[in-house]
Amino acid sequence: MLSLLGQTTSGSAKALQDCPDFSPMPTMTLKLLIDTSVWLDLTKDPRQLPLLDALSTMTEANEVALILPQIIIDEFARNRDRVMAASRASFSSHFKRVREAIVQFAPEEGREATLKQLNEIDHRIATGGEAVNEAVGLIEKLFTTTEPVPISDSIHRTLGRRTASSNSST
């Protein structure tokens with residue numbers, strides 16, 4: 001018995017594989033282009049870490065090949081610190097609201113211990129932002145293992161015109 005794609009087959013599939021002219025179907029690599037804004041959004045939400053892990057695993061297995069224009073790398077590098085800071089601030093804001101609710105509505109017994117734990121977590125997020133840092137690390141690893149597509153001169157000119165026109169309209 002032979003297992004193909006998770007299904008058990010009979011001896012006929014085995015006989016086909018034993019044929020000298022048999023060549024298995026080639027595996028296909030999915031080519032994937034992800035916009036800078038999506039990469040930045042992935043850094044904001046710790047729930048996206050499993051998605052980044054899966055993408056990393058799939059690229060290592062050559063199931064996915066990233067198409068990575070140099071401009072995406074540049075834009076990510078230029079905006080990542082701002083997005084990381086905003087993400088940490090957002091978490092801190094949530095913790096502040098939770099602390100206020102605990103102070104207002106929680107019974108006195110255990111309140112101080114709960115607030116202390118929240119403050120410790122909030123401090124860890126503010127200083128380390130572990131999930132955000134992990135997401136950025138995974139993305140930057142993907143970037144370093146992918147050959148960037150250079151920006152052509154015509155794209156540089158187009159970007160220059162867009163920047164100039166957006167600056168003149170503000």
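So, here is what we can say about the structure in this document. Because the structure is a prediction, the values reported are computed rather than measured. (Residues numbered from 1 in each chain as written. Predicted model: local features only at pLDDT ≥ 70, side-chain atom pairs only at ≥ 80, totals over all residues. Heavy atoms only, no water.)

### Notes on the pattern of salt bridges
Worth spelling out the cut-off: We define a salt bridge as a contact between a side-chain nitrogen of Lys or Arg and a carboxyl oxygen of Asp or Glu at a distance within 4 Å. Here a strand is any run of E in DSSP of at least two residues, a helix any run of H or I of at least four, and the numbering for each starts at the N terminus. When accessible area is computed with a 1.4 Å probe and restricted to protein chains, residues below 20% of their type maximum are described as buried, those above 50% as exposed, and intermediate ones as partly exposed.
The final tally for this structure, using the stated rule, is 5 salt bridges. Notably, a salt bridge pairs Glu60 with Lys141, separated by 3.3 Å at the nearest N-O pair. Here the residue Glu60 occupies a position in helix α3 (residues 49–60), and Lys141 occupies one in helix α6 (residues 130–144), the gap between them amounting to 81 residues. When the shortest N-O distance is used, the salt bridge between Arg80 and Asp81 registers 3.6 Å. Taking the relative accessible area as the measure of exposure, Arg80 reaches 24% and is therefore partly exposed. Within the structure, one salt-bridge network assembled from shared partners comprises Arg80, Asp81 and Glu140.

### Focus on α6
Defined as follows: Multiplying one less than the number of residues by 1.5 Å gives the expected span of a helix. To obtain the arc, one takes the directions from the helix axis to the C-beta atoms. Residue contacts are defined here by distance: any two heavy atoms, one from each residue, within 4.5 Å place the two residues in contact.
Taking 1.5 Å of rise per residue, 15 residues should cover 21 Å, and α6 covers 21 Å from first to last C-alpha, within 8% of that figure. By the burial criterion, the buried members of α6 are Val132, Ala135, Val136, Leu138, Ile139, Leu142 and Phe143. Each buried residue of α6 sits inside an arc of 160° when the element is viewed along its axis, so together they form one side. The outward face of α6, more than 90 degrees from its buried face, is lined by the exposed residues Glu130 and Thr144. As for α6, its buried residues are in contact with α2 (36–44), α3, β4 (64–67) and α4 (70–105).

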